[in-house]
Amino acid sequence: MKSGLTLSQRERIRAAVRSVVVIAIALICAVPLYVVVVNTFKNSGDMAADPFGLPVHPTLENYAYALENLPIVQATVNTLIVTVVGVFFMVIIGALAAYGMIQKKSRLTAGIGAFLMLSFVIPGQTLLIPQYKMEAQFGLVDSLLGLIVLYLGGATFCYFLIVQYMRGLPQELFEAARLDGASPLRIFWQIVLPLIRPILTTVVVFETMWTWNDFMTPNIYISSTEKQTLVLQVFNAMGQFSTNWPLFMTITTIALIPVFLFFIFCQKWIVAGLVAGSVKG
């Protein structure tokens, strides 16, 4: 027996069902975030009485205490420096490496590309001791510069994403630019970079979120309080304020706000870059 619904009506019903399912999943995923944020406006007694309810007597004392008595601002500045500088050089190095591989196709470049694949096979934990020794040898332990140098290893991830996108670029543009006398660097800056902007944006977002939220690297290489990142501040607060959950959640919320706003702002470019990359590939 055939349904009396038209094709457009069935499509609208399917869309409505998908929307309901997605909204329900989003609400379930948002519950932990809601609990964390809403309890930052409570004291310990109010949270113990009703951890899921809205604050009866909202207060900003937790935020005031965290900002006045903890190095949150300095940790934010440290994280910002490490993230901005590290991601900038990661993306530039990855893009230049991808450009070189595309322009100079040979057995040597193929071998280098295969060698770079090893970085995805070798567990990072196995490199901790030799990396620490190298950082100590050059006096980079317990310094923001040392963190940035370590994060430059993420350029390999940038390279593999960008090189796949570059393979879909029209080589005729490069050949025409060479005939006009453009140097390789000029071709890279004026032609290649504008063409790969979608995938560059996607790589920047992924690397920024990874660097900002990284815990293991700063925890191993940073010992001074004034050089700690935001994630380390949250970790320290876990032990320091284990009996004051509202204050701990406040510090967690402060650490989440910048990367949350960054992700929301760049969300459309993430999707655009992934779709463009899949089409190019």
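Residues numbered from 1 in each chain as written. Predicted model: local features only at pLDDT ≥ 70, side-chain atom pairs only at ≥ 80, totals over all residues. Heavy atoms only, no water.

Draft legend 1. Focus on the overall build of the protein chain. Check the secondary structure of the protein chain and you find 15 helices and zero strands. Since a compact globule built from 281 residues should have a radius of gyration of about 19 Å, the 24 Å found for the protein chain marks it as more spread out than a globular shape. Sorting the 281 residues of the protein chain into buried and exposed places 36% on the buried side. Sequence separation of at least 24 residues holds for 71% of the intrachain contacts in the protein chain that already meet a minimum separation of 6. Split by element, the accessible area of the protein chain, about 16900 Å² in all, is 71% carbon and sulfur. Distance between charge centres in the protein chain, computed from 17 positive and 13 negative side chains, equals 19 Å. (Helix = DSSP H or I, 4+ residues; strand = E, 2+ residues; numbered from the N terminus. Rg over C-alpha atoms; globule rule 2.2 N^0.38 Å. Buried < 20%, exposed > 50% of the residue type's maximum accessible area, 1.4 Å probe, protein only. Contact = heavy atoms within 4.5 Å. Areas by Shrake-Rupley, 256 points an atom, 1.4 Å probe, with all protein chains shown as cover. Lys, Arg positive; Asp, Glu negative; His and termini not counted. Charge placed at Lys NZ, Arg CZ, Asp CG, Glu CD.)

Draft legend 2. Focus on the packing of aromatic side chains. Scanning the model with the defined rule gives nine aromatic pairs in all. Summarising the aromatic geometry, the rings of Tyr159 and Phe160 are spaced 4.9 Å apart at their centres and angled 65° between planes, so their arrangement reads as edge-to-face. Judged by relative accessible area, which is 18%, Phe160 ranks as buried. Summarising the aromatic geometry, the rings of Trp245 and Phe248 are spaced 5.5 Å apart at their centres and angled 85° between planes, so their arrangement reads as edge-to-face. With Trp245 and Phe248 both in helix α15 (residues 245-280), this residue pair falls three residues apart, about one helical turn. Classification of Trp245 as partly exposed rests on a relative accessible area of 44%. Members of the aromatic cluster, joined through ring pairs, are Tyr99, Phe188 and Trp189. (Phe/Tyr/Trp six-rings, centres within 6.5 Å; stacked < 30°, edge-to-face > 60°.)

Draft legend 3. How the structure looks around the side chain of Thr79. Among the structural elements, Thr79 can be located in helix α4 (residues 72-103). Apart from the residues lying within four places of it in its own chain, the contact partners of Thr79 are Trp212, Thr229 and Leu230.

Draft legend 4. Layout of helix α9 (residues 155-166). Compared with an ideal rise of 1.5 Å per residue, which puts 12 residues at 16 Å, α9 spans 16 Å between its outermost C-alpha atoms and is within 8% of the ideal. By the criterion of burial, α9 is predominantly enclosed, with nine of the 12 residues buried. (Expected span 1.5 Å × (residues − 1).)

Draft legend 5. Region of the structure containing the UniProt feature "transmembrane region" (unreviewed entry) in the protein chain. Residues annotated in UniProt with the feature "transmembrane region" (unreviewed entry) correspond here to residues 20-41, 80-102, 114-132, 144-166, 187-206 and 245-265. Within the segment residues 80-102, helix and strand shares are 100% and 0% respectively, and the terminal C-alpha atoms sit 33 Å apart. The distance from the first to the last C-alpha atom of residues 114-132 is 26 Å, and the span holds 63% helix and 0% strand. (UniProt positions renumbered as here; feature names shortened; annotations may be inferred.)

Draft legend 6. The arrangement of a nonpolar patch on the surface in detail. Taken together, the side chains of Phe115, Met117, Leu118, Phe120, Val121, Ile122, Leu127, Phe157 and Phe206 present a nonpolar region at the surface, about 820 Å² in accessible area. When residues of the nonpolar patch are assigned to their parent elements, the largest contribution, three residues, is made by helix α6 (residues 118-121). Structurally, Ile122 can be placed in the loop between α6 and α7 (128-137). We classify Ile122 as partly exposed; its relative accessible area is 42%. (Patch = residues over 30% accessible without salt bridge, like charges linked within 9 Å, V, L, I, M, F, W, Y side chains within 5 Å. Salt bridge = Lys/Arg side-chain N within 4 Å of Asp/Glu carboxyl O.)

Draft legend 7. Spotlight on the pattern of salt bridges. Scanning all chains against the criterion turns up one salt bridge. A salt bridge links Arg14 to Glu11; its shortest N-O distance comes to 2.9 Å. With Arg14 and Glu11 both in helix α1 (residues 7-39), this residue pair falls three residues apart, about one helical turn. According to the relative accessible area criterion, Arg14 is partly exposed, its value standing at 39%. For Glu11, a relative accessible area of 39% gives the class partly exposed.

Draft legend 8. Spatial organisation of the confidence of the model for the protein chain. Per-residue confidence for the protein chain averages 83 on the pLDDT scale, and 91% of its residues sit at or above 70. Least confident of the elements in the protein chain is α15, whose mean pLDDT is 74; most confident is helix α8 (residues 144-151), at 91. Confidence drops under a pLDDT of 50 for residues 277-281, and excluding neighbours within four residues, the segment shows three contacts in the predicted structure. (pLDDT = per-residue confidence, 0-100.)

Draft legend 9. Representation of the packing of α4 against α9. Packing of α4 against α9 leaves a shortest axis separation of 8 Å and a crossing angle of 45°. Classified by the interaxial angle, the pair formed by α4 and α9 is oblique. Crossing of α4 against α9: the hand is right-handed. Residues Met90, Val91, Ile93, Gly94, Ala95, Ala97, Ala98, Tyr99, Met101 and Ile102 of α4 form the contact with α9, whose own contacting residues are Ala155, Cys158, Tyr159, Ile162, Val163 and Met166. In the contact of α4 with α9, the residues fall into 15 nonpolar, one polar and no charged. (Axes fitted to C-alpha atoms, helices over the stretch in contact; angles between N-to-C directions. Parallel < 35°, antiparallel > 145°, perpendicular 65-115°, else oblique. Left-handed = near helix turned anticlockwise from the far one by under 90°. Nonpolar A, V, L, I, M, F, W, Y, C, P; charged D, E, K, R; others polar.)

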